[in-house]
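# Summary of the model geometry
Residues per chain, in single letters:
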Amino acid sequence: MNEDMMTRAERLGIAAVNGADGLTVESATEPVDNSVADSVTGSAKDSLTNLARRDKPVYYVHTLGCQMNAHDSERIAGVLEADGYAKASEEQIKSSDVDLIVLNTCAVRENATSRMYGTLGQYAELKRANPNLQIAVGGCMAQKDRQRITEQAPWVDAVFGTKNIGSLTALLHEARRTHAPQVEVATELQEFPSELPTVRASKASAWVSISVGCNNTCTFCIVPAVRGKERDRRPGEILAEVENCVARGIKEVTLLGQNVNSYGYATGDRYAFSKLLRACGHIEGLERVRFTSPHPAAFTPDVIEAMATTPNVMPQLHMPLQSGSDKILRAMRRSYRIEKFMTILDNVRAVIPHAQITTDIIVGFPGETEEDFQATMDAVRRARFTSAYIFEYSPRPGTPAATMEQVPADVAHDRFTRLHALQEEISREIMAEHVGKNVEIMITELKGAKDARTQRVSGRDRGGNLVHVRVPDGYEHPQVGDFVTCTVTESASHYLIADPNPASGDTYELRR
Ligand code: SF4
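Residues numbered from 1 in each chain as written. Predicted model: local features only at pLDDT ≥ 70, side-chain atom pairs only at ≥ 80, totals over all residues.

## Quick word on the overall build of the chain
A tally of helices and strands in the chain yields 15 helices and 21 strands. Within the chain, buried positions represent 47% of all 512 residues. Considering only contacts within the chain whose residues lie at least 6 apart along the sequence, 73% involve residues at least 24 apart. (Helix = DSSP H or I, 4+ residues; strand = E, 2+ residues; numbered from the N terminus. Buried ≥ 20, exposed ≤ 12 C-beta atoms within 10 Å, placed from the backbone. Contact = placed C-beta atoms within 7 Å.)

## Observations regarding the packing of helix H10 (residues 301–309) against helix H12 (residues 338–351)
In the contact formed by H10 and H12, the axes pass within 10 Å of each other and the chain directions differ by 25°. Comparing their axes, H12 and H10 come out roughly parallel. Handedness of the H10/H12 crossing: right-handed. On H12, the residues that touch Pro-301, Ile-304 and Ala-308 of H10 are Asn-347, Val-348 and Val-351. Among the residues forming the contact of H10 with H12, the class breakdown is five nonpolar, one polar and no charged. (Axes fitted to C-alpha atoms, helices over the stretch in contact; angles between N-to-C directions. Parallel < 35°, antiparallel > 145°, perpendicular 65-115°, else oblique. Left-handed = near helix turned anticlockwise from the far one by under 90°. Nonpolar A, V, L, I, M, F, W, Y, C, P; charged D, E, K, R; others polar.)

## Points about the sheet that holds strand S11 (residues 288–292)
Ordered by their spatial adjacency, three strands build an open sheet running S7-S10-S11, and the pairing between neighbours is parallel. On the outer flanks of this sheet lie strand S7 (205–209) and S11, each paired with one strand and no other. On average, each strand axis in the sheet is tilted by 25° relative to the strand beside it, whichever way the strands run. Bridge count between strand S10 (residues 252–256) and S11: five bridges; the pairing is parallel. Its bridge partner lying in S11, Thr-254 is registered against Arg-290. Lying on the sheet, helix H8 (residues 235–247) is in contact with S7 and S10; it crosses S7 at an angle near 165°. (Pairing = 2+ DSSP bridges.)

## Let's talk about the pairing of strand S4 (residues 134–139)
Here S4 lies mainly inside the structure; six of its six residues are buried. The side-chain alternation of S4 yields two buried faces, one formed by Gln-134, Ala-136 and Gly-138 and the other by Ile-135, Val-137 and Gly-139. One ladder, built from six bridges, connects strand S3 (residues 100–105) with S4; its direction is parallel. Paired with Asn-104 across the two strands is Gly-138, which belongs to S4. The pairing of S4 with strand S5 (residues 158–160) spans two bridges and is parallel. When the bridges of S5 are listed, Ala-136 appears paired with Ala-158.

## Observations regarding the site of the ligand
As a matter of local geometry, the ligand sits amid Cys-214, Asn-216, Cys-218, Cys-221, Val-223, Pro-224, Gln-258, Asn-259 and His-295. Residues that form the shell around the ligand fall into these classes: five nonpolar, four polar and no charged. (Near = placed C-beta within 6 Å.)

## Looking at the sheet that holds S5
If you trace the six strands from one edge of the open sheet to the other, you get S2-S1-S3-S4-S5-S6, paired in parallel fashion. A strand with exactly one partner marks an edge of an open sheet, and here the two such strands are strand S2 (86–87) and strand S6 (182–184). Contacts from helix H4 (residues 112–129) reach S3 and S4 within the one sheet, and its direction differs from that of S3 by about 175°. The strands touched by helix H5 (residues 140–152) within the sheet are S3, S4, S5 and S6, with S4 carrying the most contacts at an inclination of about 135°.

Given below as structure tokens:
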């Protein structure tokens, strides 16, 4: 899931790490009195000179991309705070009054390169107004573009790879000392990012990495090139992190990996992922377990059984289809075929009838004909996904598909429009089936602008659907992390509304 796929609540979750959604380029920080810097403790103090109005340097992390990146940003925040930095407030971000900006980049998104340099160009203006501001670039684009970033954007102080988060503060100190940009991009993993300190974005939900990298070679994907081969964490470490999260009040954990169910294959344990799910089922206080993303080729029956028989594993599955055409799946180097994919969905629904299944689909992949596209439309009709993240293919330099014969952009766009319309119709039908039923929601958000107007709180049901709930008059208001069971009264294609009226038999029950 990339940031475009996240709900506002989840983006706000990232913003809890980041502070807010963006900096104001027009407004520059004022000149400051350096004497206050002497009162700061921690090593970050030594490297900063503009600390007149605060006792710690403040940082802002701007995250682009998927949940893996969002989780890496939590590690970046943890490393910075361990070094004496403090997260910038929304006010400080709005007025561009920060000492450090970290851009955590994504190489998967369309136009990733131009987007990154565009953002860095805006930061250059901030730096002109405040020369003490430091700028760091991490993530997949840093891994991929390395030296080029400091050549094209010489105002960047530090470039650090996906495996170098732990070096960030040392690079910043060195850049300040030498007045020269610092670059550290390792190709081999030295330590799991999970071993670094973390500032978690949410009080109730946590991401826990089970692996990094990917052993597959999908021809459209840049991940193997920038994140390297899959490396799995030991189960004991993963479970210890989950237990630690629960001890700190986390109720929901999402296990993260580029291909979660190939977890353990390197050590010859094909059942390692289902064992991990089952082990999560024994963790007292862990209410909800989710995972993303599985790969259809490695999705074995034991995972389905573990999902069905482990009560805290949620009835939700994000299963990337990518294409409904076997010819295109072959060209994508995706090793399953459409019938295998459909069999998996049937098997999941046979034991978890209410499973909410979502997917990713690429339209306009090189070589895709109208017939191939119709195979994708058919697959979508059969699969009845709750929702689908549909992408118009765009070539990523450095991937095999970028060199294949491309589908014209207008053709790809037309296919996107048709598939999107079909999926919207299916999504609306599936969501409408919830009306009149009770759902259990974990509250994730209390005060969105619209929620403030409508007096609603928001959260996710067990299947992962977004639900906005109005608290009936006289009933207790929930807090983030509380559970509300309530009657759904309306639906749209991507969310449900619950305005329960207990006087007429609707349910509203709060559980802390
Ligand atoms: S499974 Fe394919 S799409 Fe997913 S990260 Fe690996 S190579 Fe990329």
